[in-house]
Amino acid sequence: MTLLEGAVGVEDLVLLEPLEEESLLKTLQLRYEKKEIYTYIGNVLISVNPYQQLPIYGPEFIAKYRDYTFYELKSHIYALANMAYQSLRDRDRDQCILITGESGAGKTEASKLVMSYVAAVCGKGEQVNSVKEQLLQSNPVLEAFGNAKTIRNNNSSRFGKYMDIEFDFKGSPLGGVITNYLLEKSRVVKQLGGERNFHIFYQLLAGADAHLLKALKLERDTSGYAFLNQKVSRVDGMDDASNFKAVQSAMTVIGFSEEEIQQVLEVTALVLKLGNVELADEFQANGTSASGIRDGRGIQEIGEMIGLNSEELEKALCSRTMKTAKENVVTALNVIQAQYARDALAKNIYSRLFNWIVNRINESIKVGTGEKKKVMGVLDIYGFEILEDNSFEQFVINYCNEKLQQVFIEMTLKEEQEEYEREGIPWTKVDYFDNGIICNLIEHNQQGILAMLDEECLRPGVVSDTTFLAKLNQLFSKHNHYESKVTQNAQHQYDHTMGLSSFRICHYAGKVTYNVNSFIDKNNDLLFWDLSQAMWKARHPLLRSLFPEGDPKQASLKRPPTAGAQFKSSVAILMKNLYSKNPNYIRCIKPNEHQQQGQFSSELVAVQTRYLGLLENVRVRRAGYAYRQRYGPFLERYRLLSRSTWPRWNGGDREGVKKVVEELSLSSEELVFGKTKIFIRSPSTLFHLEEQRRLRLQQLATLIQKTYRGWRCRTHYQLMRKSQIVISAWFRGNAQKKRYGKIKASALLIQAFVRGWKARKDYRKYFRSGAALTLANFIYKSITQKFLLGLKNSLPSTNILDKTWPAAPYRCFHTANQELRQLFYHWKCKKFRDQLSPKQVEILREKLCASELFKGKKASYPQSVPIPFRADYIGLQGNPKLQKLKGGAEGPVLMAETVKKVNRGNGKTSSRILLLTKGHVILIDTKKSQAKTVIGLDSVSGMSVTSFKDGLFSLHMSEISSVGSKGDFLLVSEHVIELLTKMYRAVLDATQKQLPVTVTENFSVRFKESSVAVKVIQGPEGGRNGKLSFKKKGSRGLEVTV
């Protein structure tokens, strides 16, 4: 019943009211404008080409339609394909889908959609997928070789195609058979303005690589080929190069070998090159006109490509051999005849190549004869055609459509009759137009138009299109469906549209006037035997196989069947095939001539609806009962109209339907009850049911709304009542809590007063004597706690140089405050030391030692405090000679510095390098870099230094040492504090003894066996610059001025 819910216009034209062409067109236009391109006539699908991609296809929609029956969803091509496939799979009924319509109506796309749907819903598996892929890949190959751009359609099928897809008992595809009808081979040599030749020629030139083009002796430019329309070489939205790759890939998938593909392309190239063979006038010796090849290069290239002598090919093109019982007569052809022979050869080669490709595809997809199979046929064939100039092609096309219309009417009536019989309903004969008389007019074996055409082609003597028309006029002068100028004149009728060389047939879709010019030639479709023999002689395997009649061993004088006879035979086989299957119809309609989306030409669509017989289809469908439905779905939809069946019905579906109908008081003439379905005669009755259902739905909606509003109000009231109860309970509880709090506070207050009174009473009695001590202790504890907490909040920073400390608020805390200050300072120092590295600790220890030795004693000490001890002042690391002098086992050098050695005899100074190691003091000559003196640390007995800012110091040697025999050393150093500190620590580490360091201005320096008294005095500058001057005072005195 989805057809009646939310439909745009009428979704099934069987229900159309009124049944007129105007209302049918308005319905189709309305649906087309809403992008509803599919419409039903019963189980017939009408498809209007949208000329755009609509979002109604793909896996999502395939999955949607495979789970529903035909009428449960909106009209769609998937619904028809699903119905056909399920009927084939589940009921073992062979199916055929007939797709008809004129060029540009979308027949090819419809057939693709049907095949893609069937491929998607049938079985899975490696073999099944391979078969499906081969069936689907046959489309691009056949489109390339059989489709072309026309004025009406950019991808028009120029042949009819019937494909039988064969399935196994499970519904999985096994293979198929393709039959082609009436390829438009005249397009090979000539196209109308604005049209193209077959796609494959343009795809080959655009998509082939340079190597392939060279092998085929082709150039990429399409303007160099006479058979290709020079004005139209490209089609908008079509990529010839990529399509060529797709065709090659598809042929490989189908099963073509690389050699076969190459041979097909070579034959295709041969057709192109034949068009460039130019013929020129020549004359024989007797003066008779003849013909020859203007430029032999082209014919030579063709000969090289197909393996044929170019002279033999030229002879076949320019002469004709007439065979008789006794002898062969060779006749030269003039230019016109030779051009006809050339074009006929090109058309025949291409037509036979196309047939070979179809047969080759059939070989790949055929099914073994021993397998039991079900068949679904898909017929994609040209629709009824009425052109300004209708010739032999339109005649046979329209004849085929007459036969299809005959099948359609008979099968539709047969299906209706069978359904009536299944349902036990009496069948009454339906009046309809039987087009059998028109089919008989064309195909009668003795007196049909095709029979007359064949007879005229075979008759000896002068034969022409005029004699053929005269015979038709004589034979059908009184036929109701035949007209010509002669028959009109006999009946005293005047029609200026009827030409002298024309006849008219009243087809089911309208009157069509045919021009008999070229009927004889097109029906004969002759190819000279010389050309067939030449092609058979070629060493090209594929080309040779296309012309078996060229074999002299198979040569026959018997005339081949005519094109009309062949087509009639093919149509007869097709009709027999269709009658053996259950038909499904897709009627394709072109909405406008410009291939523009959104445009709907009512005049054009009206012509097509007449061609397709849509109104006739509706009338036949509605001849008995316009609508029928199974009892279950009908009851489910309309049971709400009866009080007996609503809201529940426990009886059978048929009884329930009868109850609904009885209460609605419908006329018995409008209804009949079958075994499984109810039949309704007129659409108005169905629309009445729908209107009653709509009104009833409004009533039920009102009832539901009323019930819902009542339920919502009751629920709201109950929630409000519950809320009010909760609020009241909370308010009362809160009031009680407040009252209880006040009572409790009052009781506590009274208790406090009573306890205070009792405490005061007991205090006065028992504790008055010790009250002062208790209060004093409490006050002392309180102020102590306040002091400590205040000290916690006012501690100074953790910087060890920060020695500030808050003062004690009371004198009683002074001692404790000082102790706490010491503890905090020691803690800061420890924390600082813990953060230091070992190297930093060693530096601080040296500074500490210097402080102990010189603080308050040496004037230059304060300046040395902030300066770090460097130890190396001479760049010892960069002087390998000095490093060798220090000795290998002494360890690192503790101090390296340039000092001045004072001569004790005359007071003069000389520069020396002093190296201090863990065991020695080494004095080195700065000029020669040689050790002058090596002093062991255990030989040093003491050191003397002044209190001024100078760097003078004396090393006192012990007398028992080897160096001590020479006397003490008087030296001057710029880093005397660091040197003496390091020497002090080195002696302490080496001897475990503290070295005496004397700070004095008067000291004695021992010189060999005598001693020299050194006196240091401060000069006028106060010793600020640290410069020294030495002055000898007698033999045993030395005065040093700082």
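Residues numbered from 1 in each chain as written. Predicted model: local features only at pLDDT ≥ 70, side-chain atom pairs only at ≥ 80, totals over all residues. Heavy atoms only, no water.

The name recorded for the protein chain in an unreviewed UniProt entry is Unconventional myosin-Ia, from Zalophus californianus. UniProt, in its Sequence similarities (unreviewed entry) section for the protein chain, records the words "Belongs to the TRAFAC class myosin-kinesin ATPase superfamily. Myosin family." For the record of the protein chain, the UniProt heading Function (unreviewed entry) holds the text "Involved in directing the movement of organelles along actin filaments." (UniProt positions renumbered as here; feature names shortened; annotations may be inferred.)

Our focus in this paragraph is the pattern of salt bridges. Taken as a whole and judged by the stated rule, the model has 36 salt bridges. A salt bridge links E304 to K217; its shortest N-O distance comes to 3.6 Å. Of this pair, E304 sits in helix α10 (residues 296–306) while K217 sits in the loop between α7 (210–216) and α8 (240–254), and the two are 87 residues apart along the sequence. Of the residues examined, K217 reaches a relative accessible area of 31% and is grouped as partly exposed. K590 serves as the salt-bridge partner of E593, at 3.2 Å between the closest nitrogen and oxygen. If you follow the salt bridges from partner to partner, you end up with R158, E184, R187 and E195 in one network. (Salt bridge = Lys/Arg side-chain N within 4 Å of Asp/Glu carboxyl O. Helix = DSSP H or I, 4+ residues; strand = E, 2+ residues; numbered from the N terminus. Buried < 20%, exposed > 50% of the residue type's maximum accessible area, 1.4 Å probe, protein only.)

All right, on to the side chain of N523 then. You can see N523 is positioned in helix α18 (residues 519–524). Note on N523: relative accessible area 0%, which makes it buried. At a separation of 2.9 Å, a polar atom in the side chain of N523 contacts the side chain of D454. (Polar contact = N/O pair within 3.5 Å; in protein donor to acceptor, adjacent residues only side chain to side chain.)

Turning our eyes to something else, we now look at the packing of aromatic side chains. Per the counting criterion, the structure on display carries 28 aromatic pairs. Between the aromatic rings of F503 and Y514, the centroid separation amounts to 5.5 Å while the plane-to-plane angle is 35 degrees, which identifies the pairing as tilted. With F503 in strand β14 (residues 502–507) and Y514 in strand β15 (residues 510–515), the pair connects residues that are 11 residues apart, well separated along the chain. Accessibility assignment for this pair places F503 and Y514 in one class, buried. Ring pairing ties together the aromatic residues F392, F395, F468, F476, Y482, F503, Y514 and F519, which thus form one cluster. The side chain of R196 reaches across the aromatic face of Y202, ending 4.0 Å from its centre. Sitting over the face of the ring of F408, R587 holds its NZ or CZ atom 4.6 Å from the ring centroid. (Phe/Tyr/Trp six-rings, centres within 6.5 Å; stacked < 30°, edge-to-face > 60°. Lys NZ or Arg CZ within 6 Å of the ring centre and 35° of its normal.)

On to the packing of helix α13 (residues 392–423) against helix α14 (residues 436–443). At a closest axis distance of 9 Å, the pairing of α13 and α14 adopts a crossing angle of 140 degrees. Considering the angle they form, α13 stands oblique to α14. The handedness of the crossing between α13 and α14 comes out as left-handed. Where α13 approaches α14, its residues F395, Y399, E402, K403 and Q406 are matched on the opposing element by G436, I438, C439, I442 and E443. (Axes fitted to C-alpha atoms, helices over the stretch in contact; angles between N-to-C directions. Parallel < 35°, antiparallel > 145°, perpendicular 65-115°, else oblique. Left-handed = near helix turned anticlockwise from the far one by under 90°. Contact = heavy atoms within 4.5 Å.)

Turning our eyes to something else, we now look at the pairing of strand β20 (residues 895–902). Judged from the eight bridges that link them, β20 and strand β21 (residues 909–916) form a sheet pairing that is antiparallel. Of the residues in β21, the one forming a bridge with K901 is S910. Two elements, β20 and strand β26 (residues 969–972), share two bridges in a ladder whose sense is antiparallel. Looking across to β26, one finds that K901 is bridged to L971. (Pairing = 2+ DSSP bridges.)

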